[in-house]
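Here is what each chain is made of, one letter per residue.
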Amino acid sequence: MIASSFRPVDVYGNPNLAPETATNYSIGMLFDTGPFTASIDYFLYEIEDTITVEPLSGMVSTLFGDPANCTDPAYDGLRERFQFNDGGGVPGAGTCAAANIARVRTGWVNGGDLQSSGIDFIVNYDFGDVLGGQLNGGVTATYMLGNELGPETVEGVVVQEGFDGVGYLNFQTTAYPVPEWKARGFLEY
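Computed from a predicted model, the values in this text were never measured in an experiment.

## Concerning helix H1 (residues 56-64)
Right, on to step 1. Inspection of H1 places Gly58, Met59, Val60, Thr62, Leu63 and Phe64 among the buried residues, and these make up the whole buried set.
Right, on to step 2. Where H1 is buried, its residues meet helix H2 (76-79), strand S5 (82-84), strand S6 (101-110), strand S9 (152-154) and strand S10 (157-160).

Here it is as structure tokens:
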């Protein structure tokens, strides 16, 4: 949604995409005391050249923020991504205003780097034979320490600053929702 209304957004492919690369680290401990077992693991993922779509919300707020950057030559490339209602379909032509946007061109790019870290927990208890069947229960959980995304640029202009997305919906950014805690309990009979 742009300026309180829906506008067409064209998302272009990119034959120049590089593959994402990642370095992963983890270390953990296992506990086994008979019926009780548990594990705790720390993980760190460092992902470079993330493949993402350019952030539309960041593009709009950067060009039309306060103050607007429509006349600043440093933003010419970004302005060319917008078609305006009175511009005759020519990218960048017409009255540069958020309310006058006819459509926007975005694309798939290699975006900012991502560093994600957390701790995984698994706890399990085997209750043994209960009423003629085996009863087993436990919990698996993850606590996120960080999910830090680097800045995103479009046409040489930073349109989304880097941020840590843990605990946020991350609506209209290049990050997915990342809850601080995720857990699942189970009981098997």
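## Re the pairing of strand S12 (residues 181-188)
Right, on to step 1. Burial runs low along S12: only zero of the eight residues are buried.
Right, on to step 2. For strand S8 (residues 133-149) and S12, the ladder comprises eight bridges, and the chain directions are antiparallel. For Thr140, the partnering residue across the bridge sits in S12 and is Arg184.

## Details of unusual backbone geometry
Right, on to step 1. Residue Asp66 is joined to Pro67 through a cis peptide bond whose omega torsion reads 5°.
Right, on to step 2. One non-glycine residue, Leu131, adopts positive backbone phi at about 55°.
Right, on to step 3. Here Leu131 shows up in the loop between strand S7 (114-130) and S8.
Right, on to step 4. Backbone geometry at Glu155 places phi at a positive 55°, although glycine is not the residue there.
Right, on to step 5. One can find Glu155 in the loop between S9 and S10.
Right, on to step 6. Under the relative-accessibility criterion, Glu155 is labelled partly exposed at 43%.

Each value, and the rule that gives it
- Residues numbered from 1 in each chain as written.
- Predicted model: local features only at pLDDT ≥ 70, side-chain atom pairs only at ≥ 80, totals over all residues.
- Heavy atoms only, no water.
- Buried < 20%, exposed > 50% of the residue type's maximum accessible area, 1.4 Å probe, protein only.
- Helix = DSSP H or I, 4+ residues; strand = E, 2+ residues; numbered from the N terminus.
- Contact = heavy atoms within 4.5 Å.
- Pairing = 2+ DSSP bridges.

Everything listed is a geometric property; what it means functionally is a separate question.
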